[in-house]
Amino acid sequence: MTLHPATEHFRYRSGALQCEGVDLDQLAQRYGTPLYVYSRAAVEQRFAALRHAFGPEASICFAVKSNGNLSMLRLLSELGAGFDLVSGGELRRLQAAGVPTAGAVFAGVAKADWEVREALAADILLFNLESEYEVDMLEALGAEAGRPVRLAVRLNVDVDAGTHDYIATGRKHDKFGLTLDRAAVVVERIAAAPHLELRGYHVHLGSLIRTPGPYLAALERVLEFMDGAAVRREGVRYYDCGGGFGTGYGDPGGLLDVAALGRAMLPLLAARGLTPIVEPGRYLIADAGALVGEVLGAKLSAGRRFALVDAAMNDLIRPALYGATHPIVPLREPPDGAARTPCDVVGPVCESADFLGRQLALPELARGDRLAVLAAGAYGFSMSSNYNSRRRPAEVLVHGAEARLIRRREDFADMWSQEIDR
Ligand code: LLP
């Protein structure tokens, strides 16, 4: 049985939840829980959909922040991805993974000198200039390195994509990008700076955008801006529409139709000689990952039913931080007609915000049963922490019938290895 179309790589076979051809219960026994499990086929399928939607020329830059595991970066690089970076640490990750950095774009509302120096040395494709102070800074660092700095100006086009306040970035009071009036000045300054080269424009409206409309509204404003003066078009070859491509989290209708977006956007770009760049994180990796946990106990409190599990908000903070809902399913398929009642799936952390799901219709669960939190591949491990001195989980990558450990579970000593006077 398929759980829902967005998680077709996680399904029950003979009553057991599998990731591709691998039994999740066996992985849990072998590597322990909590455990992140990823499907390679799911990533490949989404990458192919993006390539099909945006064409052979497009740069598909995977947002490293969504899942920076070195094996995942290698997999995406093999598929033909470039990378969207937001820190020097993410650049170091690419280098540690041994993947090419030439196709990387570097966004970030505030960049430090060392980050720019390292990215210049790595000869990345584009820096996304977001704040006015960066003009002088990038010019000075370009002069110091004796090389031109290729730029895309990040425009704040004041489009509200209607997403959660914390992950909306394209409204005029958000801290990201340059409003069009300021961008007009900045573009002139770039044109006058000997080491700066304007190559494109960048917009990122936020995350979990489920329709093409906001992307097209943003593009229209950017094209209007470009039409405003010749200096805004000189040397401009790229349009980076950002990431934020919505996925369903259990709602099959939530997946952005990337083919429709491509169909609407590509002719407008082609007419101006612009090559598309897209920066998806979640679309590529969210549905490819599950967080597996084990039930430590069941509890009934004032009529409310809790499943107490060994996975917690430190492993997956999205429900606590954004009120995000992830489908949660038992690894053993419940028999047909099994009663399901509302249940809160909570972890052992000492906060009431420590829940993975609330009021989910779940069958009876007992100590030792295992669960999978689905659609957890993006912003799951990458936002995990050691809160409550909990070791961060192990990660496994599944390919067909094979499973490979791509990050071991932390040792306790890892947690205090950087503390001095031990
Ligand atoms: N490009 C830029 C400039 C971004 O800031 C982001 C995400 C992306 C691309 C990728 O967005 P995606 O395609 O993955 O939605 N922790 C939150 C998401 C924060 C996203 C921050 N920026 C979450 O768990 O929903």
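Check the entry above for the structure.
Definitions and limits used
- Residues numbered from 1 in each chain as written.
- Predicted model: local features only at pLDDT ≥ 70, side-chain atom pairs only at ≥ 80, totals over all residues.
- Heavy atoms only, no water.
- Helix = DSSP H or I, 4+ residues; strand = E, 2+ residues; numbered from the N terminus.
- Expected span 1.5 Å × (residues − 1).
- Buried < 20%, exposed > 50% of the residue type's maximum accessible area, 1.4 Å probe, protein only.
- Contact = heavy atoms within 4.5 Å.
- Near = heavy atom within 4 Å.
- Polar contact = N/O pair within 3.5 Å; in protein donor to acceptor, adjacent residues only side chain to side chain.
- Areas by Shrake-Rupley, 256 points an atom, 1.4 Å probe, with all protein chains shown as cover.
- 1 Å grid on protein atoms, 1.4 Å probe; cavity = no way out; pocket = protein on both sides within 12 Å on 5 of 7 lines; lining within 4 Å.
- Sits in = over half its atoms within 2 Å of the grid points.
- Domains from an automatic or database assignment.
- Phe/Tyr/Trp six-rings, centres within 6.5 Å; stacked < 30°, edge-to-face > 60°.
- Core = buried A, V, L, I, M, F, W, Y, C linked by side-chain atoms within 4.5 Å.
- Points joined across faces, edges and corners; volume = space filled by probe spheres on them.
- Nonpolar A, V, L, I, M, F, W, Y, C, P; charged D, E, K, R; others polar.
- Pairing = 2+ DSSP bridges.
- Right-handed = clockwise from strand over helix to strand, strands pointing away.

A.B. asks: Pulling in residues and values, what's your account of helix α8 (residues 213-227)?
C.D. replies: Its 15 residues give α8 an end-to-end C-alpha distance of 21 Å, which sits within 8% of 21 Å, the value for a rise of 1.5 Å per residue. If you check which residues of α8 are buried, you get Pro214, Tyr215, Ala218, Leu219, Val222, Leu223, Phe225 and Met226. Residues of α8 that are buried sit in contact with β9 (149-156), α7 (180-192), β11 (196-202), β12 (238-240) and α9 (258-271).

A.B. asks: Any details on unusual backbone geometry? Residues and values, ideally.
C.D. replies: Most peptide bonds adopt trans geometry, and most residues besides glycine take a negative phi value. In this structure, the amide linkage connecting Thr33 to the following residue, Pro34, adopts the cis form with an omega of -5°. Along the chain, the position of Pro34 falls in the loop between α1 (24-31) and β4 (35-39). Although it is not a glycine, Ser14 adopts a positive phi angle of roughly 50°. With respect to the helices and strands, Ser14 occurs in the loop between β1 (10-13) and β2 (16-19).

A.B. asks: Before we move on, could you go through the site of the ligand and cite the residues and values that matter?
C.D. replies: Residues in close proximity to the ligand total 19 residues, the closest being Ser207, Glu279, Arg318, Tyr322 and Tyr379. Note that an oxygen atom of the ligand is positioned 3.4 Å from one of the side-chain N or O atoms of Lys65. When the free accessible area of the ligand is taken as 590 Å², the share hidden by the protein chains comes to 92%. When atoms are counted within 2 Å of each cavity's grid points, the one that captures over half of the ligand is the largest pocket. Counting the residues that make up the shell around the ligand, at least three belong to each of domain 1 (5-38 + 286-416) and domain 2 (104-280).

A.B. asks: Any details on the packing of aromatic side chains? Residues and values, ideally.
C.D. replies: Enumeration over the complete set of coordinates arrives at seven aromatic pairs. Summarising the aromatic geometry, the rings of Tyr36 and Phe381 are spaced 6.2 Å apart at their centres and angled 80° between planes, so their arrangement reads as edge-to-face. Here Tyr36 is found in strand β4, whereas its partner Phe381 is found in the loop between β19 (370-373) and β20 (394-399), with 345 residues between them in sequence. Phe381 shares its class with Tyr36; the two are buried.

A.B. asks: I'd love a proper account of the nonpolar core, names of residues and values included.
C.D. replies: The biggest cluster of nonpolar side chains holds 104 residues, and the ones touching the most others in it are Phe54, Phe83, Phe127, Tyr201, Tyr239 and Phe245. For this core, the element with the highest residue contribution is α8, accounting for seven residues. Counting contributing residues per domain, this core is built from domain 1 (5-38 + 286-416) and domain 2 (104-280), each supplying no fewer than three. Not counting the four nearest positions on each side in its chain, Phe83 is found in contact with Cys61, Phe62, Val64, Leu73, Leu76, Ser77, Leu94, Val99, Pro100, Gly103, Ala104 and Val105. The next biggest cluster of nonpolar side chains, apart from the first, holds 20 residues, and it includes Cys19, Leu24, Ala28 and Val398.

A.B. asks: Residues and numbers for the layout of surface pockets, please.
C.D. replies: Size it by volume and the largest pocket reaches roughly 890 Å³. The set of elements that each furnish at least two residues to the lining of the largest pocket consists of α3 (70-79), α4 (88-97), α11 (318-322) and β21 (402-407). Of the residues that constitute the lining of the largest pocket, the class distribution is 16 nonpolar, 14 polar and 13 charged. Here the lining of the largest pocket spans two domains, since at least three of its residues come from each of domain 1 (5-38 + 286-416) and domain 2 (104-280).

A.B. asks: A description of the pairing of strand β13 (residues 275-278) should follow, citing residues and the corresponding values.
C.D. replies: The pairing of strand β5 (residues 59-63) with β13 spans two bridges and is parallel. Along β13, the bridge assignment pairs Ser59 with Ile277. In this sheet, β13 lies alongside β12 in parallel orientation, the contact comprising three bridges. Looking at β13, one finds that Asp240 is bridged to Ile277. With respect to chirality, the unit in which β12 leads through α9 into the neighbouring parallel β13 is right-handed.

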